Amino acid sequence: MININILKPTSSNFQTYLYIGSALIFIGIFDVFLRSFFNINYLTFLPGSLNFLFPLIIGLVGLQMIRLEYSGNRIVDKINQNINNNTFNAGLTLIIIFLTLLVIPPALDWMILEATISGDTKEACVATEGACWTYIKVWFRRFMYGMYPNDFHWRINTAFIVLIAFAFVGYFMRGKLKNYITFYYAILYPIIAFIIINFLISGGSFGLEWVETNAWGGLSLTFIVSFFGLIFCFPLGMILALGRRSELPIIKYISIGYIEFWRGVPLITVLFMSSVMFPMFLPSDAFVDKLIRVIAAIILFEAAYVAEVIRGGLQALPRGQYDAAKSLGMGYWKMQIFVILPQALKLVIPGIANTFLALVKDTPLIFVVGLSEVVGMLQMAKTNPKWLGYAMEGYIFASILFWAICYAMSKYSQYLELKYKTER
Amino acid sequence: MLRTLKTLMYLLTSIALLVSFETGAFAAKKSKTLKKTQKMGFVRCGVSQGLPGFSNADASGNWTGVDVDLCRAVAAATLGDSGKVKFFPLSAKERFTALTSGEIDVLSRNTTWTLSRDADIGLTFVGVNFYDGQGFMVRKSSGITSVNQFKAGVSACTNLGTTTELNMRDFFNSKGIKYEPVTFEKADEVVAAYDAGRCDTYTTDKSGLAAQRIKLSKPNDHIVLPETISKEPLGPVVRQGDPVWEDIVRWSLNVMIEAEEYGITSANADSMKSSENPAVKRLVGAEGELGAAFGLDNDWSLRIIKQVGNYGESYKRNIADTGILPDRGPNQLWTKGGILYVPPAR
Amino acid sequence: MNHKIKSIIPQLLTLLFVVAVIGFFTINAQLNMEERGIDFGYGFLNQESSFDVQFSLIEYDGSHSYAKAYLVGLLNTILVSVLGIIFCTIIGVIIGIARLSPNYLIRNTAAWYVEFFRNVPLLLQIFFWYYAALRALPLPENTEPLFGVTYLTVKGYYIPRLIWENFDILIYSILAAIISIVFIRNYARKLQEEKGQQLPVLLISVGLLLVFPAITFVTGMVQLEVALPVLKQLSKTSFIYAEGLSIPPELLALVLALSLYTATFVAECVRAGIQGISKGQKEAAASVGLTPNQILKLVIMPQALRIIIPPTTNQYLNLTKNSSLAAAIAYPDLVLVFAGTALMQTGRAIEIVSITMLTYLTLSLSISVLMNWYNKKIAIKEK
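Cut-offs used in this document
- Residues numbered from 1 in each chain as written.
- Chains lettered and ligands numbered in written order.
- Predicted model: local features only at pLDDT ≥ 70, side-chain atom pairs only at ≥ 80, totals over all residues.
- Heavy atoms only, no water.
- Helix = DSSP H or I, 4+ residues; strand = E, 2+ residues; numbered from the N terminus.
- Buried < 20%, exposed > 50% of the residue type's maximum accessible area, 1.4 Å probe, protein only.
- Lys, Arg positive; Asp, Glu negative; His and termini not counted.
- Charge placed at Lys NZ, Arg CZ, Asp CG, Glu CD.
- Axes fitted to C-alpha atoms, helices over the stretch in contact; angles between N-to-C directions.
- Parallel < 35°, antiparallel > 145°, perpendicular 65-115°, else oblique.
- Left-handed = near helix turned anticlockwise from the far one by under 90°.
- Contact = heavy atoms within 4.5 Å.
- Salt bridge = Lys/Arg side-chain N within 4 Å of Asp/Glu carboxyl O.
- Expected span 1.5 Å × (residues − 1).
- Buried area = accessible area lost by both parts, 1.4 Å probe.
- Polar contact = N/O pair within 3.5 Å; in protein donor to acceptor, adjacent residues only side chain to side chain.
- Pairing = 2+ DSSP bridges.
- pLDDT = per-residue confidence, 0-100.
- Phe/Tyr/Trp six-rings, centres within 6.5 Å; stacked < 30°, edge-to-face > 60°.
- Lys NZ or Arg CZ within 6 Å of the ring centre and 35° of its normal.
- Disulfide = S-S within 2.5 Å.
- Core = buried A, V, L, I, M, F, W, Y, C linked by side-chain atoms within 4.5 Å.
- Domains from an automatic or database assignment.

**Overview of the overall build of chain B**
Turning to step 1, where the next piece is worked out: Counting its regular elements, chain B contains 12 helices and 12 strands.
Turning to step 2, where the next piece is worked out: The buried share of chain B, taken over its 346 residues, is 57%.
Turning to step 3, where the next piece is worked out: Separation between the mean location of the 41 positive side-chain charges and that of the 38 negative ones in chain B comes to 3 Å.

**Side note on the packing of helix α13 (residues 290-316) of chain A against helix α16 (residues 349-362) of chain A**
Residues and elements named next belong to chain A.
Turning to step 1, where the next piece is worked out: Direction vectors running N to C along α13 and α16 enclose 155 degrees, while the axes themselves pass 10 Å from each other. In this view, α13 runs roughly antiparallel relative to α16, as classed from their interaxial angle. In this structure, α13 crosses over α16, and the sense of that crossing is right-handed. Between α13, through Ile298, Glu302, Tyr305, Val306, Val309 and Ile310, and α16, the contact on the second element is made entirely by Gly351, Ile352, Thr355, Leu359 and Asp362.

**Re the side chain of Thr37(B)**
Turning to step 1, where the next piece is worked out: Looking at where Thr37(B) falls in the secondary structure, it is placed in helix α2 (residues 32-40).
Turning to step 2, where the next piece is worked out: Excluding anything up to four places from it in sequence, Thr37(B) contacts Phe42(B), Val43(B), Leu79(B), Asp105(B) and Trp245(B).

**Considering the interface of chain A and chain C**
Turning to step 1, where the next piece is worked out: Contact residues are listed per partner, giving 53 residues for chain A and 54 residues for chain C.
Turning to step 2, where the next piece is worked out: In this structure, the connection of chain A to chain C is made through zero salt bridges.
Turning to step 3, where the next piece is worked out: Of all the secondary-structure elements, those providing two or more residues to the side of chain A that touches chain C are α4 (74-83), α5 (87-113), α11 (249-264), α12 (267-281), α16, α17 (374-382) and α18 (391-423) of chain A.

**Observations regarding α11(A)**
For an α-helix, 3.6 residues make a turn, and residues three or four places apart therefore share a direction.
Turning to step 1, where the next piece is worked out: If you check α11(A), its first and last C-alpha atoms are 22 Å apart, about what 16 residues at 1.5 Å a residue would give, namely 22 Å.
Turning to step 2, where the next piece is worked out: Among the residues making up α11(A), those that are buried are Ile251(A), Ser255(A), Ile259(A), Trp262(A) and Gly264(A).
Turning to step 3, where the next piece is worked out: If you follow the buried residues of α11(A), they end up packed against α10 (218-244), α12 and α13 of chain A together with α1 (2-36), α9 (292-322) and α11 (349-378) of chain C.

**A short note on the pattern of salt bridges**
Turning to step 1, where the next piece is worked out: As enumerated under the stated definition, the model contains 28 salt bridges over all chains in all.
Turning to step 2, where the next piece is worked out: Note that Arg44(B) is salt-bridged to Asp105(B), the shortest N-O span being 3.3 Å. Residue Arg44(B) is located in strand β1 (residues 43-47), and its partner Asp105(B) is located in the loop between α4 (95-101) and β5 (106-112); the two are separated by 61 residues in the primary sequence.
Turning to step 3, where the next piece is worked out: Given a relative accessible area of 0%, Asp105(B) falls into the buried group.
Turning to step 4, where the next piece is worked out: One network of salt bridges, with partners in common, ties together Arg244(A), Glu260(A), Arg263(A), Glu308(A) and Arg311(A).

**Details of the interface of chain A and chain B**
Turning to step 1, where the next piece is worked out: Taken residue by residue, the interface counts 20 residues in chain A and 21 residues in chain B.
Turning to step 2, where the next piece is worked out: Interface of chain A and chain B: buried area, both sides summed, is about 1800 Å²; carbon and sulfur atoms make up 54% of it.
Turning to step 3, where the next piece is worked out: At the boundary of chain A with chain B, the tally comes to two salt bridges.
Turning to step 4, where the next piece is worked out: Glu94(B) serves as the salt-bridge partner of Lys290(A), at 3.3 Å between the closest nitrogen and oxygen.
Turning to step 5, where the next piece is worked out: At the boundary of chain A and chain B, one finds three residue pairs in polar contact (both at pLDDT 80 or more).
Turning to step 6, where the next piece is worked out: Within the residue set of the side of chain A that touches chain B, elements represented by two or more residues are α12 and α13 of chain A.
Turning to step 7, where the next piece is worked out: For the side of chain A that touches chain B, the element with the highest residue contribution is α12(A), accounting for four residues.

**A few points about the pairing of strand β5 (residues 230-233) of chain C**
A regular strand carries its side chains on alternate faces of the sheet.
Residues and elements named next belong to chain C.
Turning to step 1, where the next piece is worked out: Here β5 runs beside strand β6 (residues 239-242); their pairing, made up of four bridges, is antiparallel. If you follow Lys232 over to β6, its bridge partner there is Ile240.
Turning to step 2, where the next piece is worked out: Where β5 hands over to β6, the hairpin turn is made up of five residues, counted between the paired strands.

**Quick look at the confidence of the model for chain C**
Turning to step 1, where the next piece is worked out: Chain-level statistics for chain C give a pLDDT mean of 85 and a share of 98% at 70 or above.
Turning to step 2, where the next piece is worked out: Confidence metrics for the complex model read pTM 0.84 and ipTM 0.83.

**Remarks on the packing of aromatic side chains**
Turning to step 1, where the next piece is worked out: Counted by the stated rule, this structure contains 48 aromatic pairs over all chains.
Turning to step 2, where the next piece is worked out: A ring pair is formed by Phe172(B) and Tyr179(B), whose centres lie 4.7 Å apart and whose planes are at 15 degrees; its orientation type is stacked. With respect to burial, Phe172(B) and Tyr179(B) carry one shared label: buried.
Turning to step 3, where the next piece is worked out: Pairwise contacts between aromatic rings join Phe367(A), Phe184(B), Phe127(C), Tyr130(C) and Tyr131(C) into one cluster.
Turning to step 4, where the next piece is worked out: Above the ring of Phe152(A), the side-chain terminus of Arg155(A) is found at 5.0 Å from the ring centroid.

**Notes on the state of the cysteines**
Turning to step 1, where the next piece is worked out: Enumeration over the complete set of coordinates arrives at two disulfides over all chains.
Turning to step 2, where the next piece is worked out: With a sulfur-sulfur separation of 1.7 Å, Cys45(B) is cross-linked through a disulfide to Cys71(B). Of note, the bridge from Cys45(B) to Cys71(B) carries an S-S torsion of about 70 degrees and is right-handed in sense. Of this pair, Cys45(B) sits in strand β1 while Cys71(B) sits in helix α3 (residues 66-79), and the two are 26 residues apart along the sequence.
Turning to step 3, where the next piece is worked out: Between the sulfur atoms of Cys157(B) and its disulfide partner Cys199(B) the distance amounts to 1.7 Å. Between Cys157(B) and Cys199(B), the disulfide has an S-S torsion of 45 degrees and is therefore right-handed. Taken together, the positions of Cys157(B) in strand β8 (residues 154-159) and Cys199(B) in the loop between α7 (187-196) and β10 (201-205) put the pair 42 residues apart, joining distant regions of the chain. Like Cys199(B), Cys157(B) is buried.
Turning to step 4, where the next piece is worked out: The connectivity of the disulfide-linked cysteines in chain B, indexed sequentially, is 1-2, 3-4.
Turning to step 5, where the next piece is worked out: Lacking any disulfide linkage, Cys233(A) is separated from the closest cysteine sulfur, that of Cys406(A), by 17 Å.
Turning to step 6, where the next piece is worked out: In this structure Cys406(A) comes out as buried when scored by relative accessible area, which is 0%.

**A word on the nonpolar core**
Turning to step 1, where the next piece is worked out: In terms of nonpolar packing, the biggest core is built from 200 residues, with Trp216(A), Ile310(A), Leu314(A), Ile366(A), Phe51(C) and Phe127(C) touching the most fellow members.
Turning to step 2, where the next piece is worked out: In terms of residues, this core owes the most to one element, α10(A), which gives 14 residues.
Turning to step 3, where the next piece is worked out: With sequence-adjacent residues up to four places away left out, Leu314(A) is seen in contact with Ala241(A), Leu242(A), Arg245(A), Tyr322(A), Ile340(A), Leu341(A) and Ala344(A).
Turning to step 4, where the next piece is worked out: Formed by 40 residues, the second largest nonpolar core is a distinct cluster that contains Ala77(B), Trp245(B), Leu283(B) and Trp300(B).

**A few points about the confidence of the model for chain B**
Turning to step 1, where the next piece is worked out: Mean pLDDT over chain B stands at 86; residues scoring 70 or higher make up 93%.
Turning to step 2, where the next piece is worked out: The low-confidence segment residues 21-28 of chain B (pLDDT under 50) makes six contacts with residues lying over four places distant or belonging to another chain.

**Points about the domain arrangement of chain B**
All names here are of chain B.
Turning to step 1, where the next piece is worked out: Assigned domains of chain B: these are domain 1 (32-131 + 233-320) and domain 2 (134-230).
Turning to step 2, where the next piece is worked out: A C-alpha centroid distance of 30 Å is found between domain 1 and domain 2.
Turning to step 3, where the next piece is worked out: The interface is formed by 15 residues belonging to domain 1 together with 13 residues belonging to domain 2.
Turning to step 4, where the next piece is worked out: Counting each side, the surface lost to burial between domain 1 and domain 2 is near 930 Å², with a carbon and sulfur contribution of 53%.

**Description of the sheet that holds strand β2 (residues 156-159) of chain C**
Sheet strands line up and pair through hydrogen bonds in the backbone, either parallel or antiparallel.
Residues and elements named next belong to chain C.
Turning to step 1, where the next piece is worked out: Ordered in space as β1-β2-β7, the three strands form an open sheet in which the pairing is antiparallel. The strands lining the two open edges of the sheet, one partner per strand, are β1 (151-153) and β7 (245-247). Put simply, the sheet's adjacent strands are angled 20 degrees from each other on average, direction ignored.
Turning to step 2, where the next piece is worked out: Looking at chain direction, β1 and β2 are connected through three bridges and run antiparallel. Paired with Thr153 across the strands is Gly156, a residue of β2.
Turning to step 3, where the next piece is worked out: Against the sheet, helix α7 (residues 249-275) contacts β1, β2 and β7, and its axis sits at roughly 50 degrees relative to β7.

**What about α5(A)?**
Turning to step 1, where the next piece is worked out: Taking 1.5 Å per residue, 27 residues should reach 39 Å; α5(A) reaches 37 Å between its end C-alpha atoms and fits that length.
Turning to step 2, where the next piece is worked out: Every buried residue of α5(A) is accounted for by Asn89(A), Ala90(A), Gly91(A), Thr93(A), Leu94(A), Ile96(A), Phe98(A), Leu101(A) and Pro105(A).

**As for the environment of Arg271(C)**
All names here are of chain C.
Turning to step 1, where the next piece is worked out: Mapped onto the secondary structure, Arg271 falls in helix α7.
Turning to step 2, where the next piece is worked out: Through-space distance from the C-alpha of Arg271 to that of Gly96 is 5.0 Å; in sequence the pair is 175 residues apart.
Turning to step 3, where the next piece is worked out: With sequence-adjacent residues up to four places away left out, Arg271 is seen in contact with Gly96, Arg99 and Leu100.

Structure follows, in structure tokens:
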């Protein structure tokens with residue numbers, strides 16, 4: 001008890017306590033700093049565990065000494081409110097600071113300070129102890145484009161730019177055209193996308209050489225599969241959502257059955273089914289490309305999830321909309337296409353963005369059925385005899401890549417959610 | 001009235017018979033797969049995802065290997081150009097379904113010929129292009145020099161769903177050794193696991209061991225144990241139901257082996273047209289009408305030998321000269337002590 | 001009349017369409033199988049499987065049937081799912097609560113954790129843990145023991161094995177403890193409703209759970225022996241730890257990746273649940289004179305759980321489905337053993353894939369049904 005009272009500051013002698021406390025905290029942090037950056041440990045005269053816990057104890061004591069409600073000093077008040085309101089919090093804060101100091105410098109050291117990025121062969125990397133970013137540089141094109149011939153990469157780039165341009169047409173639709181937004185996104189856009197990808201990336205006519213789908217890979221394949229998946233599962237999901245809310249029993253139960261089935265099975269079994277079972281279900285002469293089979297399976301799978309998202313939107317519309325449309329004499333389809341769906345879709349844009357994000361995160365699975373997108377190329381690159389032993393760099397690169405893309409998309413969808421929330 | 005009807009009937013029946021003589025059931029010599037291949041302009045060949053010596057693509061996408069050469073032989077025979085092949089790298093899981101579904105027409109992927117595969121799943125094995133056996137690879141530093149020195153608790157890495165998995169079990173059971181199987185689907189991952197020390201031994205066909213050795217970080221630190229624990233006859237596979245196509249692939253392989261028997265190489269094939277030996281003349285198409293039996297022209301075997309080479313040349317180029325297996329072992333002609341003995345092409 | 005026709009025609013058309021599609025597939029499948037000489041049937045399940053499995057909770061080797069192999073795979077899937085659920089709940093609750101902490105550093109660290117692990121694909125995380133992290137572990141002969149008796153090596157995590165005598169008596173004692181806990185809880189609830197008194201139910205429950213088994217030990221009915229892992233030499237350079245229990249690194253990597261990934265979603269659910277309780281509840285409870293602990297236990301948690309549990313169960317379901325990714329590393333779960341090895345050895349693609357999908361479907365549907373029942377049970381009944 002006496003100890004604690006000595007350590008507790010009062011408003012009168014706070015200045016002294018402040019100085020001593022800050023000094024102690026500083027010593028604690030400085031000790032950890034020295035340990036991690038320079039490997040100096042000047043406290044070896046203390047026994048084992050005390051040596052280890054010394055900075056923590058000192059820091060705790062220091063923080064205890066500056067803990068005073070309403071000390072009058074703005075900075076100290078802020079610290080006390082945020083990270084120092086009791087010993088537990090203070091302890092956690094110190095641990096986090098220490099961990100950061102212990103982990104970040106070696107990581108940075110390995111990743112940036114001692115890493116190599118110059119050169120073209122393994123020899124450039126053997127000399128250093130740090131990360132070998134040369135490996136990433138050499139394989140970068142492969143990670144992006146797969147085994148697609150180097151000369152034709154412009155085709156993939158153009159195709160994506162055109163696709164994205166077409167996607168934003170919806171923003172620029174004015175006046176009467178706005179009625180046709182649903183029609184555009186559900187029917188026209190998939191067809192346009194298919195044509196672009198078929199003729200530009202696959203080739204085979206108009207003087208462009210045919211590149212078989214086995215050669216497509218890398219990040220571009222991830223995007224192609226995600227794009228196609230989303231664009232085509234969108235109309236199917238819409239129909240299923242409408243079907244589930246329909247009053248006709250057969251349609252309703254078929255929709256429910258479909259949605260519950262595809263939501264209950266893991267994607268990997270669906271992919272296995274597409275690569276191993278689908279061929280049996282088609283006539284023996286008809287042969288469907290593996291990529292198309294996989295995309296078809298993904299479309300069927302994601303349509304169930306999109307249907308649930310759209311159903312949420314349909315349910316959120318006030319009943320008045322349905323009633324007003326019916327009272328105007330609109331038939332079922334007219335009502336859906338011109339009144340209900342445009343509003344419902346606007347409501348669920350964040351949900352659809354989330355589904356798209358989930359789809360992008362699920363595409364690495366197609367590696368299991370033999371299509372080499374980024375993770376597949378990674379596995380292929382790490383076992384190449386010329387570049388053995390750099391698995392870690394590959395995984396870090398892929399993690400950063402995916403993280404950046406998914407983080408950007410999730411932030412964008414949060415922004416969309418806020419924007420559309422206020423509009424209503 | 002009745003008479004006209006009868007004549008009409010006879011006329012119609014004879015026309016039908018004539019037509020069916022030309023097409024359909026009586027024109028059995030054209031195979032469906034051959035027709036499709038010739039229409040598409042290339043042979044669809046299923047290969048592995050990268051096994052040096054058997055089917056491996058280099059950085060520019062050129063495929064080489066013994067299995068690749070077999071497909072090229074089929075292309076040379078049916079389409080006239082050994083370059084007209086499209087290669088489909090397949091994993092062990094999809095290799096058979098790709099064949100039965102019609103995605104590929106020939107599976108040349110060092111597949112072991114077993115009874116269940118031949119009889120149960122709608123496929124036909126048409127020959128053996130590599131006689132092999134299963135072996136074990138260990139680190140030299142482990143001190144193990146024979147499979148009899150494995151102790152209980154040993155962990156063995158191998159490929160998922162292959163005959164090696166089953167043979168491994170039979171072997172360890174017969175010795176009463178408790179083992180831990182670690183199976184991956186991709187061969188690269190099996191090698192990586194063995195290299196990292198996750199497993200004590202790596203087992204697969206001995207040719208595979210020799211080929212995958214270059215993917216280890218220190219290839220010279222490992223040895224392949226001398227014992228062979230199973231028979232692994234590796235050969236090409238086709239779909240059941242097209243007997244003429246089966247024959248085409250089978251005899252493309254046999255021609256390559258028989259050509260080596262008679263000393264015909266890609267270099268001297270043309271000059272062999274004037275040989276004294278009628279068997280040689282038949283092989284280079286200077287005599288006989290062997291191609292018609294398959295619906296091919298008579299130069300089919302000559303093209304195979306000229307464009308791809310005989311079996312020995314293919315082996316040397318892909319397996320011996322690359323250092324994988326310099327010694328041919330059982331894959332030598334029967335006249336020279338091996339077991340390559342094929343029926344005569346006549 | 002018009003209306004009736006209008007409602008019947010679309011249904012009829014849809015039905016016809018679905019029947020046509022299914023019929024098309026079935027007829028093609030039958031034709032294809034006849035042509036290739038493959039037959040369809042589930043009789044192969046009784047055949048001998050001829051392959052061993054690396055890790056199995058029950059007795060199994062190659063002389064057992066494919067049906068047994070299916071069971072082994074299923075048990076392994078359930079094992080990894082249960083372990084994953086336990087760990088992801090613990091981590092998720094901690095992170096969820098940390099996200100609401102007034103401490104700036106803790107709050108932001110938790111936020112960064114969630115943002116980071118949520119946005120990297122699960123397959124990549126699994127690969128990272130298995131191929132990069134766990135492969136870098138030392139060989140058995142070079143390992144330092146963790147906690148003195150466990151060894152984390154590249155070949156697995158070796159822990160001491162517990163050998164029980166009369167294990168069933170222990171189970172009975174635990175069952176007895178659980179039954180008595182249920183009784184005590186009911187009694188405590190009645191007591192609180194009638195007289196407003198509190199019983200320390202948690203303490204009593206923990207006490208009972210400890211005391212009953214302890215009695216069985218003390219009286220000697222159940223005996224426990226501990227077998228420590230012992231270094232065994234297999235060859236000049238190859239060692240393993242025998243005698244103990246070995247946990248394969250595949251299982252470790254899978255549980256780690258699944259827990260860390262799903263914990264982010266659970267953390268978000270927990271956060272939403274706690275934030276969903278209006279501030280008025282806390283203030284009203286405080287004004288009535290309850291201590292902060294009591295507020296948490298009696299007012300906040302029951303309401304928060306109502307919001308937290310449905311989406312969290314959804315996440316558990318996702319975790320179970322995601323455990324099928326074990327097929328990409330060598331963990332012998334249902335997909336790898338049955339839809340992998342068994343499928344490749346027998347070639348019966350349609351039968352095996354359909355059984356696998358049905359299994360997962362049954363798991364999902366049963367958990368959904370349980371969830372719906374729970375929701376109805378705890379739904380706030382308006383008076």
